[in-house]
Amino acid sequence: MAATPLVLYNTLSRTKEQFVPLKAPFVGLYVCGPTVYGDPHLGHARPAITFDLLYRYLGSKGYRVRYVRNITDVGHLENDADEGEDKITKKARLEQLEPMEVAHHYTERYHDAMRELNVLTPSIEPRASGHIIEQIELTREILKKGFAYESNGSVYFDVEAYDKKYHYGKLSGRVLEDMLSNTRTLDGQSDKRNPFDFALWKKAAPEHIMRWPSPWSEGFPGWHLECSAMSTRYLGEQFDIHGGGMDLMFPHHECEIAQSTAASGHDAARYWVHNNMITINGQKMGKSLGNFITLEQLLSGDHPLLEQPYSAMTIRFFILQAHYRSTLDFSNEALQGAEKGYERLMKAVALLPKLKPANTSTTDISAYRTRFQAAMDDDLNSPVLIAELFDAVKLINQVYDNHQTLTQKDIEELTQQVTFYVTEILGLRNDLQTDNHQTLTKVMDLVLDIRNTAKTNKDWTTSDQIRDGLTKAGIQVKDRKDGTDWELE
RNA sequence: GGUCUGAUGGCCGAGUGGCUAGGCACAGCUCUGCAAAAGCUGCUACAGCGGUUCGAGUCCGCUUCAGACCUCCA
């Protein structure tokens, strides 16, 4: 496949760069996945869909992508880094469950949501708890290189030592000295030498359930270590793209860079790609802010802020209609707009097989291919791609209404291009006809209402026509004293 | 306080110097028994103030406002 060059915005350089894989046609892609201690919400959908789009598009260019997206089931501390309980452990206590039971439950919930959103499964989905050995090894390596120190059974990354040789803060644009001058001094209780040092290994408090043996103590790995360890394990010391939400840039990704560089002497990821946040009333949607809407609530409409339910594909379309590096503001009006737009697009796609060929074409459709591609090549500009697709939608409708004509060959080309970009790249499924259970109930309410009116008017011809017609259609009508029931046979 | 983003028409949201983004909503028309769909037409905005330029939403400076990160977070 003759691939046109893809340009990606690299957070490291803060510019758009042409994407050149280390070892084409192979591409290594690592994306920070969810911490499984809560239901997936609208915010989780953003990176999942953003990197699904990237994964799909890279694949369409002929690259063989290994997409690794982790599951964080251990390691994040609740409040203060040094005092807090492991987040998953805390939730487990509250619910009287095993930690792994909680992790498993929410992992399944996440998978369900991803399936609904038509997000492809990654090549590998490693769990932090399954890679303790790798994390211990990495900690050992960093210690050996002199960029970490042990303190009371815990191991901390020595940011100051690292910053002397490399640059701590290169991703987020921070300078260590500035950060230090802006921080209050430690209260003296910490094992850390420096407030910006972060844990590679934490000694477990007695009540801490999730713990593993290590050379330093029984404990658990630090917050940032898992991604470094697992990306190295599955993609190598150097790989192509590291993705995640912008909120992870600091400290999480910064620390990942420091860990990898400290251990191996060079950067691990070459392109850092960050998706922006979904906001609600202009504020970031987040668990800690308590203003998030779960995906389940979006699908059911069961949330004070929701005027109606929204389908998974509406949500996907809503997200794709904004560029991944822009904030995207939630509102009912915006979702409803997305719902209509999605319907318009899918209706036109459904119309494609019905187009009748003509001897000549009144429009040159050869440009669509390059325009679709150009939009995606430009840093995954899905909004522009969608705008281009709507241009094709108009053409499809015009041809259907005999306002324009296309040859058989052009119809085939148009069909191929449009359906490819809509279903394979944007990953939009046609869900317009699938939500039939609710629809059938509403239709039956209506039909039986008409029949009851007829019965009231003693219009037996009409009422019997309806009942017999329904029987033939496989629906049994059951008249009762207090109303009418029906069931599918 | 530090670092970094952003401010586009009723709503959402593209656009890094010159030619109408697109969707939704709204209005009129065509089609039509009515409606819907579809088509056609209209709605032409870029926070404010300076500057650079033949020309700026687009570059530079300042102001105002908003947001993210600096603590777990997608």
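Here the structure is shown first, and the text comes after it.
Residues numbered from 1 in each chain as written. Chains lettered and ligands numbered in written order. Predicted model: local features only at pLDDT ≥ 70, side-chain atom pairs only at ≥ 80, totals over all residues. Heavy atoms only, no water.

A. Layout of the overall build of chain A. What chain A contains, in helices and strands, is 16 helices and 15 strands. Per-residue burial over chain A gives 49% buried out of 489 residues. As displayed, chain A offers around 23,400 Å² of accessible surface, 49% of which is attributable to carbon and sulfur atoms. Between the centroid of the 54 positive side chains of chain A and the centroid of its 68 negative side chains there is a distance of 3 Å. (Helix = DSSP H or I, 4+ residues; strand = E, 2+ residues; numbered from the N terminus. Buried < 20%, exposed > 50% of the residue type's maximum accessible area, 1.4 Å probe, protein only. Areas by Shrake-Rupley, 256 points an atom, 1.4 Å probe, with all protein chains shown as cover. Lys, Arg positive; Asp, Glu negative; His and termini not counted. Charge placed at Lys NZ, Arg CZ, Asp CG, Glu CD.)

B. Structural context of empty space enclosed by the protein. Taken as a whole, this structure holds two cavities of 30 Å³ or more when the rule is applied. Roughly 50 Å³ of internal volume is contained in the largest cavity. The wall of the largest cavity is formed by R46, I49, T50, L53, I319, L320, A322, H323, Y324, L380 and S382. For the lining of the largest cavity, the element with the most residues is helix 1 (residues 42–60), which contributes four residues. Residue classes in the lining of the largest cavity are distributed as seven nonpolar, three polar and one charged. In this structure, the second largest cavity spans a volume of roughly 30 Å³. S228, S231, F239, H242, E256, S260, A268, A269 and W272 together form the lining of the second largest cavity. (1 Å grid on protein atoms, 1.4 Å probe; cavity = no way out; pocket = protein on both sides within 12 Å on 5 of 7 lines; lining within 4 Å. Points joined across faces, edges and corners; volume = space filled by probe spheres on them. Nonpolar A, V, L, I, M, F, W, Y, C, P; charged D, E, K, R; others polar.)

C. Region of interest: the packing of helix 1 against helix 14 (residues 408–425). For the pair helix 1 and helix 14, interaxial distance at closest approach is 10 Å and the crossing angle is 135 degrees. What the angle tells us is that helix 1 and helix 14 run oblique. Contact residues: L53, R56, Y57 and S60 in helix 1; F420, Y421, T423, E424 and I425 in helix 14. Taken together, the residues of the contact of helix 1 with helix 14 break down into five nonpolar, two polar and two charged. (Axes fitted to C-alpha atoms, helices over the stretch in contact; angles between N-to-C directions. Parallel < 35°, antiparallel > 145°, perpendicular 65-115°, else oblique. Contact = heavy atoms within 4.5 Å.)

D. Region of the structure containing the packing of aromatic side chains. Overall, the coordinates contain 16 aromatic pairs when judged by the stated rule. Aromatic pair Y55 and Y67: ring centres 4.9 Å apart, planes at 55 degrees, arrangement tilted. Remark: Y67 occurs in strand 4 (residues 64–69) and Y55 occurs in helix 1; sequence separation between them is 12 residues. Given the relative accessible area of 1%, Y67 is considered buried. Look at F420 and Y421: their rings are 5.4 Å apart centre to centre, the planes differ by 90 degrees, and that puts the pair in the edge-to-face class. Look at F420 and you get partly exposed, because its relative accessible area is 26%. An aromatic cluster of three or more residues is present, and its members are F147, F157, Y162, Y166 and F198. (Phe/Tyr/Trp six-rings, centres within 6.5 Å; stacked < 30°, edge-to-face > 60°.)

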